[in-house]
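Overview (structure and organization)
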Amino acid sequence: MKTVVLAYSGGLDTSVAIPLLRERYDYDRVITVVADVGQPDSEITDATKRAEALADGHHTLDLKDEFVKDYIFPSIKANGLYEGYVLGTALARPLIAKKIVEIAESENAQALAHGCTGKGNDQLRLDAIFRAEDFDLVAPMRDLNLTREWEIDYALQHNIPTTVTKEKIWSVDENIWSRSIEGGELEDPYVIPPEEIYEWTKSPENAPEPEVIELSFEGGVPVALNGAAMDGVPLINRLNAIGGVHGIGRADNIEDRVLGLKAREIYEHPAATILLNAHRDLEMLALTRNELRFKAMVDAAWAELAYMGLVDEPLYADLCAFIDETQKRVTGAVKVRLHAGSATVVARKSDFALYSEELVSFGESSLDQRDSEGFSKYHGFQARLVRKAMK
Ligand code: ARG
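Below: a short report on this structure. Along each chain, the written sequence defines residue order, and numbers are assigned to residues from 1. At least 70 in pLDDT is required for a residue's local features to be given in this predicted model, at least 80 for side-chain atom pairs to be given and counted, and no such filter applies to totals for whole chains, interfaces and linings, which use all residues. Hydrogens are left out, water is left out, and the side-chain values use all remaining heavy atoms of the structure.

1. Digging into the overall build of the chain
If you tally the helices and strands in the chain, you get 14 helices and 16 strands. Taking the principal axes of the C-alpha coordinates as reference, the chain spans close to 85 × 50 × 45 Å. Taken over 391 residues, the chain has a buried fraction of 49%. The criterion used for residue contact is that any of the two residues' heavy atoms lie within 4.5 Å. At a minimum sequence separation of 6, the contacts of the chain that also span at least 24 residues come to 72%. The chain carries 42 positive and 65 negative side-chain charges, and their two centres are separated by 7 Å. By the criteria applied, helices consist of DSSP H or I runs no shorter than four residues and strands consist of E runs no shorter than two, each listed in order from the N terminus. When a residue's accessible area, from a 1.4 Å probe over protein chains only, is under 20% of the maximum for its type it is buried; when over 50% it is exposed; and in between it is partly exposed. Note that His is not counted, nor are the chain ends; the positive residues are Lys and Arg, and the negative ones are Asp and Glu. By convention, the charge on Lys lies at NZ, on Arg at CZ, on Asp at CG and on Glu at CD.

2. Some words on a positive patch on the surface
What makes a patch is a set of residues exposed beyond 30% relative accessible area and free of salt bridges, joined within 9 Å when like-charged and within 5 Å when nonpolar (Val, Leu, Ile, Met, Phe, Trp, Tyr). For accessible areas, the Shrake-Rupley method is used with a probe of radius 1.4 Å. Any residue's cover is judged against the shown protein chains and nothing else. A carboxyl oxygen of Asp or Glu within 4 Å of a side-chain nitrogen of Lys or Arg is what we treat as a salt bridge. Taken together, R384, R387, K388 and K391 make up a surface patch of like positive charges. Topologically, R387 is positioned in helix α14 (residues 381-390).

3. Concerning the sheet that holds strand β1 (residues 3-7)
Paired strands, as defined in this entry, are two strands with at least two bridges between them according to DSSP. The parallel open sheet is built from 5 strands, whose spatial order is β3-β2-β1-β6-β7. Pairing within the sheet leaves two strands with one partner each, and these edge strands are β3 (57-62) and β7 (136-138). On average, each strand axis in the sheet is inclined to that of its neighbour by 20 degrees, with strand direction left out of account. Strand direction decides the pairing type here: strand β6 (residues 111-113) and β7, joined by 3 bridges, are parallel. By the bridge assignment, A113 is partnered in β7 with V138. Between N-to-C directions, angles cover 0 to 180 degrees, with each direction set by a line fitted to C-alpha atoms, over the stretch in contact for helices. Across the sheet, helix α4 (residues 89-106) is in contact with β1, β2 (29-36), β3 and β6; its angle to β1 comes to roughly 160 degrees.

4. Re the site of the ligand
Taken together, T89, A90, N121, R125, S171, D173, S180, E182, E255, E265, Y267 and Y307 are the residues near the ligand. Between the ligand and Y267 there is a distance of 3.4 Å, counted from a nitrogen atom to a side-chain nitrogen or oxygen. Taken by itself the ligand offers 350 Å² of open surface, and the protein chains cover 92% of this. Those elements that place two or more of their residues in the shell around the ligand are α4, β8 (171-175), β9 (178-182) and β14 (262-268). Each residue belonging to the shell around the ligand can be placed in one class, and the counts come to 3 nonpolar, 4 polar and 5 charged. A molecule or strand has a residue near it when one of that residue's heavy atoms lies within 4 Å. Polar contact is defined as a pair of N or O atoms within 3.5 Å, subject to the rule that within protein one atom must be able to donate a hydrogen and the other to accept it, and that residues adjacent in sequence are counted only when both atoms are side-chain atoms. Here the term charged refers only to Asp, Glu, Lys and Arg, the term nonpolar to Ala, Val, Leu, Ile, Met, Phe, Trp, Tyr, Cys and Pro, and the term polar to all other amino acids, Gly among them.

Now the structure itself:
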């Protein structure tokens, strides 16, 4: 009995993969796994139904809490941006891959499978986790070099229900942190994205009146909205809803994939934009200049590994340890104004603030300004020496 466990999304690629794994790879049992990392409920239900009809066994896993706690919160602490863009899809892949491995162990499977193509990042992120274990790895889309047209015909022959048409249509990947849209007409980077691709955000052009919200952070992670304590999942859902109304968090990026291909990717991530802006501002208040400068480098290195899905690389844990240490003082509250596509920090406070109104104020102060004069004599000292020497 040869068993394979397939990471299943309900889409065309992974649906077609089920009969392919039996016909082309001789597996007797195809077990599917749907990982719920915050896709719309209807998508999870549809994928589950479809999997139950097509596969020999199925698991739907609710990973939302774990995803937020173990991947999104660390990303907030690390100001998770790759090339300046909010990390989304990349954060979910390692968790999904780890869960597939667990299911494969419990199902006594010989192989792990995914429906990624050979052009994107996800194949690398999943493979990196899969290859650490003693399983065969099967990637039918990549191995067989399949095209969308071929898959649609194959789906029809195998009674696989599909909503996809042969016209160029975009491909969407969604989790609680980010919705990404690519492909179809968007592949031409000179095409302006049509309004209909957006689902989480209203057009900023039709924005309502500005709204100010208050976010509280503890140890670098958000814990309350407008004074009411909230867990990660409901808090992010709430911010996606509020931010979406204000058209916050749309991005249109030219992105360097791991393989080196440049891709055009559209994102919408209202909660991420709001939380990352707020978190960053609180860091400015609570961390020293030295910490901020050095952490920017650590954050960039962290994001690079997270983008590549290399969370088992020891450096990833090393960087997380540094980041966690800095976050102990990133506690406080931030007010953010939401309006017409932007989330602007308008106020902040922290018990660990290094900012002192008393010290910096133009008014009476305990600092004696005359003390700065000695410091000033050495400021730019070497530049003056050079200037003299060059005369
Ligand atoms: N470019 C992004 C990444 O590699 C997202 C890819 C998501 N896929 C999609 N079908 N939109 O992280």
